[in-house]
Amino acid sequence: MGLKELVRLCKQQDRKAQEELYRTYSEQLFVLCLKYSGNYEQAKDLLQDSFVKIFQKIDQFSGRGSFEGWMTRLVINTAIKKSKKNGVHLSITGEISEEVEEELDDQNLSLDFLIKIIQELPEAYRLVFNLYVMEEHSHKEIAKMLGISEGTSKSNLARARYKLRESIKRHNRMNFLKSI
């Protein structure tokens, strides 16, 4: 069954079509949920909540643009709403040095390790990092989505990069020590 037909049947609340949509996209969307969650269990909850929203709002998908992009946007919005509902403080104060703006070195790191260290970030940093780096939103867009200032978005991104860099350095030191 083609995607257009699958979406059409899901709009009619067809359970088999909904199951097929879930089977087709759950793995891809779960990876996204892992990026926005603090751990595996939170990612499972976010995926479940996201599919509930997808099925509730599927009538709003007009067919213009990518259906995968529409679902991705819903997952991200669900993650942001959950963070706000859970009282995550997105506004962080304090200065951080400009040196953390340099890009992380390309290293041979496993996807599992990268997801793990992203999940370890404080939620405010993780949200901004994912929106800026993974989803390629501007600080202006992030500020609007999260209800924070552009400066806070920039600061949270810098702090996220700093924490990720430190985690990678620790990982590399541990691997070096294991090798000697």
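Look up a bit, the structure's there.
Here we summarise the structure given alongside this text. (Residues numbered from 1 in each chain as written. Predicted model: local features only at pLDDT ≥ 70, side-chain atom pairs only at ≥ 80, totals over all residues. Heavy atoms only, no water.)

1. Side note on the overall build of the protein
(1) Moving on: Within the protein, the regular secondary structure consists of eight helices and zero strands.
(2) Moving on: In the protein, the succession of α and β elements from N to C terminus is α-α-α-α-α-α-α-α.
(3) Moving on: The buried share among the 180 residues of the protein stands at 40%.
(4) Moving on: Sequence-distant contacts in the protein: of pairs separated by 6 or more residues, those separated by 24 or more amount to 70%.
(5) Moving on: Counting every atom, the protein has about 10900 Å² of accessible surface; 49% of that belongs to carbon and sulfur. (Helix = DSSP H or I, 4+ residues; strand = E, 2+ residues; numbered from the N terminus. Buried < 20%, exposed > 50% of the residue type's maximum accessible area, 1.4 Å probe, protein only. Contact = heavy atoms within 4.5 Å. Areas by Shrake-Rupley, 256 points an atom, 1.4 Å probe, with all protein chains shown as cover.)

2. As for the packing of helix α3 (residues 40-57) against helix α4 (residues 67-85)
(1) Moving on: One can describe the packing of α3 onto α4 by two numbers: an axis separation of 9 Å at closest approach and a directional angle of 125°. Here α3 lies oblique to α4, going by the angle between them. Note on packing geometry: the crossing formed by α3 with α4 is right-handed. In this structure, α3 uses Asp-45, Leu-46, Asp-49, Ser-50, Lys-53, Ile-54 and Lys-57 to contact α4, whose residues at the interface are Trp-70, Met-71, Leu-74, Val-75, Thr-78, Ala-79 and Lys-82. (Axes fitted to C-alpha atoms, helices over the stretch in contact; angles between N-to-C directions. Parallel < 35°, antiparallel > 145°, perpendicular 65-115°, else oblique. Left-handed = near helix turned anticlockwise from the far one by under 90°.)

3. Points about helix α1 (residues 3-11)
(1) Moving on: Listed in full, the buried residues belonging to α1 are Leu-6, Val-7, Leu-9 and Cys-10. Burial along α1 is one-sided: seen end-on, the buried residues are contained in an arc of 165°.
(2) Moving on: Against the buried residues of α1 lie α2 (15-36), α3 and α4.
(3) Moving on: Within two residues after α1, Gln-13 carries a phi angle of roughly 65°, on the positive side. (Arc of directions from axis to C-beta.)

4. Quick word on the side chain of Gln-119
(1) Moving on: Within the secondary structure, Gln-119 is located in helix α5 (residues 111-119).
(2) Moving on: With a relative accessible area of 13%, Gln-119 lands in the buried category.
(3) Moving on: A polar atom in the side chain of Gln-119 sits 3.2 Å from the backbone oxygen of Leu-34.
(4) Moving on: Excluding residues that lie within four positions of it along the chain, Gln-119 makes contacts with Leu-34, Ser-37, Gly-38, Asn-39, Tyr-40 and Arg-126. (Polar contact = N/O pair within 3.5 Å; in protein donor to acceptor, adjacent residues only side chain to side chain.)

5. Quick notes on the environment of Arg-165
(1) Moving on: In this structure, Arg-165 sits in helix α8 (residues 150-179).
(2) Moving on: On the basis of relative accessibility, which here comes to 11%, the residue Arg-165 falls in the buried class.
(3) Moving on: For the pair Arg-165 and Ile-117, spaced 48 residues apart in sequence, the C-alpha to C-alpha distance is 9.7 Å.

6. A closer look at the environment of Ala-43
(1) Moving on: Tracing the backbone through its elements, the reader meets Ala-43 in helix α3.
(2) Moving on: Once the C-alpha coordinates of Ala-43 and Phe-30 are considered, the two residues, 13 residues apart in sequence, prove to be 6.8 Å apart.

7. Regarding the pattern of salt bridges
(1) Moving on: Scanning the model with the defined rule gives six salt bridges in all.
(2) Moving on: Across the pair Arg-23 and Glu-20 runs a salt bridge whose closest N-O atoms are separated by 3.0 Å. Residue Arg-23 and its partner Glu-20 are located together in helix α2, separated by three residues, close to a single helical turn.
(3) Moving on: Between Glu-41 and Lys-44 there is a salt bridge whose closest N-O contact spans 3.6 Å. Of this pair, Glu-41 and Lys-44 both sit in helix α3, three residues apart, which is roughly one turn of that helix.
(4) Moving on: The exposure class of Glu-41 is partly exposed, given its relative accessible area of 46%.
(5) Moving on: Here Lys-44 falls in the partly exposed class, since its relative accessible area comes to 38%. (Salt bridge = Lys/Arg side-chain N within 4 Å of Asp/Glu carboxyl O.)

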